[in-house]
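The chain contents come next:
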Amino acid sequence: MTWLKRVEDLLDSPSADETIGFRLRVWNDPQGHVRLDLALDGAVPLTCQRTLDRFLHPIASQSDLTLVESEAELSTLPEDAEPKVCSEGRLQLVDLIEDEVLLQLPVVPVKPDSEPVVQAGDPPFEPEEPSSPFAALEQLKKR
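Residues numbered from 1 in each chain as written. Predicted model: local features only at pLDDT ≥ 70, side-chain atom pairs only at ≥ 80, totals over all residues. Heavy atoms only, no water.

### Overview of the overall build of the protein
- Helices and strands together make up the secondary structure of the protein, namely 3 helices and 4 strands.
- The helix and strand sequence of the protein, counted from the amino end, reads α-β-β-β-β-α-α.
- Put simply, the protein has 143 residues, and 28% of those count as buried.
- Expressed as a percentage of contacts within the protein between residues at least 6 apart in sequence, the contacts between residues at least 24 apart total 54%.
- Put simply, the protein shows about 10400 Å² of open surface, and 52% of that area lies on carbon and sulfur atoms. (Helix = DSSP H or I, 4+ residues; strand = E, 2+ residues; numbered from the N terminus. Buried < 20%, exposed > 50% of the residue type's maximum accessible area, 1.4 Å probe, protein only. Contact = heavy atoms within 4.5 Å. Areas by Shrake-Rupley, 256 points an atom, 1.4 Å probe, with all protein chains shown as cover.)

### Quick look at the sheet that holds strand 1 (residues 20–28)
- Strand order in the open sheet made by the 4 strands is 1-2-3-4, with mixed pairing throughout. Lying at the two open borders of the sheet, with one neighbouring strand each, are strand 1 and strand 4 (82–85). The mean inter-strand angle of the sheet, taken between neighbouring strand axes irrespective of direction, is 35°.
- With 9 bridges connecting them, strand 1 and strand 2 (residues 34–47) associate as antiparallel partners. Among the inter-strand pairings, Arg-25 is bridged to a residue of strand 2, identified as Asp-37.
- Each of strand 1, strand 2, strand 3 (54–68) and strand 4 touches helix 2 (residues 93–104); the most contacted strand, strand 3, lies at about 130° to it. (Pairing = 2+ DSSP bridges. Axes fitted to C-alpha atoms, helices over the stretch in contact; angles between N-to-C directions.)

### Examining the side chain of Ser-114
- Relative to the elements of secondary structure, Ser-114 occurs in the loop between helix 2 and helix 3 (133–142).
- Its relative accessible area of 11% is what places Ser-114 among the buried residues.
- Within the local environment of Ser-114, its side chain forms a polar contact with the backbone oxygen of Lys-111, the two atoms lying 2.9 Å apart. (Polar contact = N/O pair within 3.5 Å; in protein donor to acceptor, adjacent residues only side chain to side chain.)

### A word on the environment of Val-26
- By the element assignment, Val-26 lies in strand 1.
- C-alpha separation for the pair Val-26 and Leu-65, spaced 39 residues apart in sequence, amounts to 9.6 Å.
- With residues near it in sequence (within four places) discarded, Val-26 still touches Val-34, Arg-35 and Leu-36.

Shape is all these values report; function is a separate question.
So this is what it looks like as structure tokens:
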């Protein structure tokens, strides 16, 4: 995946057998706008932040984009359209795929079957009951 430069540094030593496939369909809608249907499917290697183990994170994405040449054209699009501004009428497909992959990556990679790390002697974690924001105001009011 050396062609995805912005993604490469986030991965755990990608190899040739880990791939992301994509399918692209380009068409014009009835209003004459250029539309792209982009689907991604595959997996990328990440490092689990709990266990430091390598694991494959699935990538599955489906996008329907409407291409426009400038932000001035955004007002002409239907409300449900997802715009993609392409200056100079050009679109870099690699950048588009890279954006979609980045959106699929977790902020903190955690292997799905990993358990939270608990050290010996630590009390079991029990979440606190949420306190009411009005309780704090009540205490201030009493002062």
